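# Notes for the structure review
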Protein chains: 2
Amino acid sequence: MERITKQGTAILNAIQTAQRPLLAQEILEAASVEVPGMGIATVYRNIKSLVDNNMLTTVHLPGENPRYESAHHHHHHHFHCTRCQKVYDVHDCPGDLKQLAPKGFAVESHELTLYGACDVCLISPPPPSA
Amino acid sequence: MERITKQGTAILNAIQTAQRPLLAQEILEAASVEVPGMGIATVYRNIKSLVDNNMLTTVHLPGENPRYESAHHHHHHHFHCTRCQKVYDVHDCPGDLKQLAPKGFAVESHELTLYGACDVCLISPPPPSA
DNA sequence: TTGTATGCAAAGCGTTTGCAGTGAT
DNA sequence: ATCACTGCAAACGCTTTGCATACAA
């Protein structure tokens, strides 16, 4: 990313505006509002360069395609809503988990994903589909 | 799976012998020792039917292709060795994590992955590759 | 004007599926 | 003799890459 393009700007805007990690496809949809007709390849190329420049972090959740969020520099986890499939940041952490590993193993880091219902889905449950 | 085939037997053997979750490719390699020439599609089809019959569980780790292990019926987590890339079961659990979620969110379950070095890699570190 | 970033389309990678043939019952 | 299971190859969904063009500098 050496040049500023409207596509690049729209992509960065989309990610920074969303207060949660987005899929490549969601980034495309959000950025396309600003720049209609942009291609998914451009999204991936911009993501890659933003990740390389530490402006973005990749959020890998179990069994999910990667999502992307603005690089937070503090340790955090994620909450995956099983109703709407959206992913939210969780700023709390259970703390030291070194003692959980089998004997002789050295724990260096951990990833935690919480599952359940987000506040929106708890308040307005999806209608019982026939 | 209504008929017993040598491929199916070899696949189940491979998974039960391994004391850790295996990738489809690893299952193919292990089962191929017993039944040379078997195809990856057969592995996937057998996996699917074993999972449907609750003989196998799918282990999804962040950013990883799915692995498969014999269905344990107790809650457990996984340890991913960052040296050899193997995945091991962790039978311990940090316990109640409900209070970690944002206010208004309901936690129903969680997934935890530990990262670090397994016992084998700690004892025999891979040689410094030139 | 220069050459990076884009859009399109093709290629990759892991997984799934269609089809004709094999082999367990 | 059936017909479920297999191997092969094509199809799929997501991501990456090649190439000619557009546009930021």
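Quick notes on the rules
Residues numbered from 1 in each chain as written. Chains lettered and ligands numbered in written order. Predicted model: local features only at pLDDT ≥ 70, side-chain atom pairs only at ≥ 80, totals over all residues. Heavy atoms only, no water. Contact = heavy atoms within 4.5 Å. Buried area = accessible area lost by both parts, 1.4 Å probe. Salt bridge = Lys/Arg side-chain N within 4 Å of Asp/Glu carboxyl O. Helix = DSSP H or I, 4+ residues; strand = E, 2+ residues; numbered from the N terminus. Nonpolar A, V, L, I, M, F, W, Y, C, P; charged D, E, K, R; others polar. Pairing = 2+ DSSP bridges. Domains from an automatic or database assignment. Polar contact = N/O pair within 3.5 Å; in protein donor to acceptor, adjacent residues only side chain to side chain. Axes fitted to C-alpha atoms, helices over the stretch in contact; angles between N-to-C directions. Buried < 20%, exposed > 50% of the residue type's maximum accessible area, 1.4 Å probe, protein only.

All right, on to the interface of chain A and chain B then. Taken residue by residue, the interface counts 35 residues in chain A and 35 residues in chain B. Both sides of the chain A and chain B interface together cover about 2800 Å² of buried area, and 67% of this is carbon and sulfur. Among the residues of chain A in contact with chain B, Leu100, Phe105 and Tyr115 of chain A are the three that bury the most area, contributing 22% of the side total. Counting across the interface, chain A meets chain B through two salt bridges. Ionic pairing is found between glutamate 108 of chain B and arginine 83 of chain A, a salt bridge with its closest N-O pair at 3.1 Å. Residue assignment for the side of chain A that touches chain B shows that the elements contributing at least two residues are β5 (87-90), β6 (106-117) and α4 (119-123) of chain A. If you tally residues by element for the side of chain A that touches chain B, the top one is β6 of chain A, at 12 residues. Looking at side-chain class alone, the side of chain A that touches chain B contains 20 nonpolar, nine polar and six charged residues. Across 11 bridges, β6 of chain A lies against strand β6 (residues 106-117) of chain B in antiparallel orientation. The partner of leucine 114 of chain A across the bridge, within β6 of chain B, is histidine 110 of chain B.

Here the focus is the domain arrangement of chain A. Residue and element names in this part refer to chain A. With domains assigned, chain A is organised as domain 1 (6-70) and domain 2 (77-123). Relative to domain 2, the C-alpha centre of domain 1 lies at a distance of 22 Å. Inspection of the domain 1/domain 2 interface yields zero salt bridges. Linking domain 1 with domain 2 are two residue pairs in polar contact (both at pLDDT 80 or more). Residues of the side of domain 1 that touches domain 2, tallied by class, amount to four nonpolar, no polar and four charged.

To continue, consider the sheet that holds strand β1 (residues 22-23) of chain B. All names here are of chain B. Read across the sheet, three strands follow the order β1-β3-β2 without closing on themselves; strand pairing throughout is antiparallel. Looking at which strands have only one partner, the edges of the open sheet turn out to be β1 and β2 (56-59). Two elements, β1 and strand β3 (residues 67-70), share two bridges in a ladder whose sense is antiparallel. Each residue of the ladder has a partner; that of leucine 23, found in β3, is arginine 67. The strands touched by helix α1 (residues 6-17) are β1, β2 and β3; relative to β3, the strand with the most contacts, the crossing angle is about 85 degrees. In the packing of helix α3 (residues 40-52) onto the sheet, contacts are made with β2 and β3, and the angle to β2 comes to roughly 110 degrees.

All names here are of chain A. A full pass over the atoms with the stated rule returns eight salt bridges over all chains. A salt bridge links arginine 20 to glutamate 26; the shortest N-O distance between them is 3.8 Å. For glutamate 26, a relative accessible area of 24% puts it in the partly exposed group.

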